[in-house]
Amino acid sequence: METHPNIVSSVLTANVHSVDDLRRLDNNTESIIVESNCFNEDDLTSLDLSRFTSLKSFIVGDNSFGDVNEFIIDGLPELESIKIGMNSFYSYDGTHMFSVKNCPKLRELKIGPSGFDEWRSVNIENVPSLEVIEIGYVHYDGVYDSFDYASLELKSGFGTRE
């Protein structure tokens, strides 16, 4: 019944496979799903999802975003979940900056093994609802680790209690 043409979904979900697909998305998209082996074009070196102010989830399959060396999410008030598959964001050139900031509802950040391998900067800031940070898989014997050259910096301000 959910797929009936007369029933409008309340969730704007988008499956994207290319830079053009991503550029065409409405700013009110609530869920972005990237299939495996996508976004490996040479012309995409920076990914900033901050324009998607209604985004609730961002899911990436395996082996995607191979040339991206900067990943930014800032000020997404509805974002609850980020899940990134194995071997994604594996660029070896550039600044290698991973930044998730000012997302008050973000509960989980899951990154598969060998993702963000040579990235040097990880900044997670002002995510007061974050409950789960999962990087890699238990008992996974991969060649590369995630964030092999980075130190993890988690910043959250807590209000004063009266």
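Scoring rules and cut-offs
Residues numbered from 1 in each chain as written. Predicted model: local features only at pLDDT ≥ 70, side-chain atom pairs only at ≥ 80, totals over all residues. Heavy atoms only, no water. Core = buried A, V, L, I, M, F, W, Y, C linked by side-chain atoms within 4.5 Å. Buried < 20%, exposed > 50% of the residue type's maximum accessible area, 1.4 Å probe, protein only. Contact = heavy atoms within 4.5 Å. Pairing = 2+ DSSP bridges. Helix = DSSP H or I, 4+ residues; strand = E, 2+ residues; numbered from the N terminus. Axes fitted to C-alpha atoms, helices over the stretch in contact; angles between N-to-C directions. Phe/Tyr/Trp six-rings, centres within 6.5 Å; stacked < 30°, edge-to-face > 60°. Right-handed = clockwise from strand over helix to strand, strands pointing away.

Judged by nonpolar contacts, the single largest core of 37 residues is most densely connected at Phe-58, Phe-65, Phe-71 and Phe-98. What Phe-71 contacts, discounting residues up to four positions off in sequence, is Leu-47, Leu-49, Phe-58, Ile-84, Phe-89, Met-97, Phe-98, Ser-99, Phe-116 and Trp-119.

Pairing in this open sheet of 6 strands is parallel, and the strands run S1-S2-S4-S6-S8-S10 from one edge to the other. Both outer strands of the open sheet, strand S1 (13-16) and strand S10 (132-135), are each paired with one neighbouring strand and no more. Averaged over all pairs of adjacent strands, the angle between strand axes in this sheet comes to 5°, irrespective of strand direction. Alignment of S1 against strand S2 (residues 31-34), held across 4 bridges, turns out to be parallel. Note that in S2 the partner of Asn-15 across the bridge is Ile-33.

So, on to the packing of aromatic side chains. Using the criterion set out here, one finds 11 aromatic pairs in the structure. Three or more aromatic residues joined by ring pairs form one cluster here, namely Phe-39, Phe-58, Phe-65, Phe-71, Phe-89, Phe-98, Phe-116 and Trp-119.

What follows deals with the pairing of S1. The two faces of S1 differ: Ala-14 and Val-16 on one face are buried, but Thr-13 and Asn-15 on the other face are not. Remark: the S1/helix H1 (residues 19-24)/S2 crossover connection has right-handed handedness.

Spatial relationships are all this shows, so hold off on functional conclusions.
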